[in-house]
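# A closer look at the structure
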Amino acid sequence: VTGVQTCALPICFPVTIDAPIFKNISNFVYSVVDAYISLYSIDPSGLKFKGSWLNLYDVHSYQDLHHHHSSVISGCFYIVSDGNKDLMFQSPQHFFQSDLVKTKELNVNNCNNVFYESFPGRCVVFPSYLMHRTLPATSKRISLSFNVGY
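The following refers to the structure shown.

The rules behind each value
- Residues numbered from 1 in each chain as written.
- Predicted model: local features only at pLDDT ≥ 70, side-chain atom pairs only at ≥ 80, totals over all residues.
- Heavy atoms only, no water.
- Phe/Tyr/Trp six-rings, centres within 6.5 Å; stacked < 30°, edge-to-face > 60°.
- Helix = DSSP H or I, 4+ residues; strand = E, 2+ residues; numbered from the N terminus.
- Buried < 20%, exposed > 50% of the residue type's maximum accessible area, 1.4 Å probe, protein only.
- Expected span 1.5 Å × (residues − 1).
- Arc of directions from axis to C-beta.
- Contact = heavy atoms within 4.5 Å.
- Pairing = 2+ DSSP bridges.
- Salt bridge = Lys/Arg side-chain N within 4 Å of Asp/Glu carboxyl O.

Next up on the list: the packing of aromatic side chains. What the rule picks out here adds up to 6 aromatic pairs. With 6.0 Å between their ring centres and 70 degrees between their planes, Phe-28 and Phe-77 make a pair best called edge-to-face. Of this pair, Phe-28 sits in helix H1 (residues 23–39) while Phe-77 sits in strand E5 (residues 73–80), and the two are 49 residues apart along the sequence. For Phe-77, a relative accessible area of 8% translates into the label buried.

This is how it looks when you write it as structure tokens:
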């Protein structure tokens, strides 16, 4: 095994996104979540941040493929990162499509896996049901993750 599961204590721990130390980050995260809610016409009545946690990745640390249950929206704000394409989302069609579609060229709309760069200041928001993982870190990485739900 070349990596270490990063949510083994003590390198993944709960934090309060509204803590004074995260004030600038939380204001930005709230605005990104609000834009996501608006873009997808989600009824915001009763939505609230259900949890947030800090992820401290050392070299070779990674997060296995998973999704976030008991929430509607999940996200991650990168505090320290090297900008590699190390955040991967897996298309839901992977589980339901029995025949592979022949494509002329792969793009974000027709491939099974999509990778995103994790550079400092980037906030990625996505539906909680979407399977995702991180690839092994090539340098130290710190991120603030969160869930939003009813």
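Owing to its 3.6 residues per turn, the α-helix brings residues three or four apart onto one side. The end-to-end C-alpha distance of H1 is 24 Å, a good match for the 24 Å that 17 residues give at a rise of 1.5 Å each. Residues of H1 that are buried include every one of Ile-25, Ser-26, Val-29, Val-33, Tyr-36 and Ile-37, and no others. Around the axis of H1, the buried residues are gathered within 105 degrees of arc, so they sit on the same side. Seen from the buried face of H1, the exposed residues on the opposite side, beyond 90 degrees, are Lys-23, Asn-24, Asp-34, Ser-38 and Leu-39. Next to the buried residues of H1 lie strand E3 (48–57), E5, strand E8 (123–127) and strand E10 (141–149). Note on H1: the residue one or two positions beyond its end, Ser-41, has a positive phi of about 50 degrees.

Backbone geometry places Ser-41, a non-glycine residue, at a positive phi of 50 degrees. Its place among the elements puts Ser-41 in the loop between H1 and E3. Residue class for Ser-41 comes out exposed when judged on its relative accessible area of 66%. Backbone geometry places His-60, a non-glycine residue, at a positive phi of 80 degrees. Relative to the assigned elements, His-60 resides in the loop between E3 and strand E4 (61–66).

For the rest of this paragraph, the subject is the pairing of strand E6 (residues 85–90). On a regular strand, each side chain points to the face opposite its neighbour's, so the side chains alternate between the two faces of the sheet. Among the 6 residues in E6, 5 count as buried, and that is most of the element. Two elements, E6 and strand E7 (residues 113–117), share 5 bridges in a ladder whose sense is antiparallel. In the sheet register, Leu-87 faces E7, and the bridge partner there is Tyr-116. Pairing analysis gives 3 bridges linking E6 to strand E9 (residues 132–134), with the strands arranged antiparallel. Pairing of Phe-89 across the sheet is with His-132, part of E9.

A few words on the pattern of salt bridges. Under the counting rule described, the total for this entry stands at 2 salt bridges. One salt bridge connects Lys-140 with Asp-58, and the closest N-O pair in it is separated by 3.3 Å. Here Lys-140 is found in the loop between E9 and E10, whereas its partner Asp-58 is found in the loop between E3 and E4, with 82 residues between them in sequence. For Arg-141, the salt bridge goes to Asp-86, with nearest N and O atoms at 2.4 Å. With Arg-141 in strand E10 and Asp-86 in strand E6, this pair connects stretches of sequence that are 55 residues apart. Of the two residues, Arg-141 and Asp-86, neither departs from the other in class, the shared state being buried.

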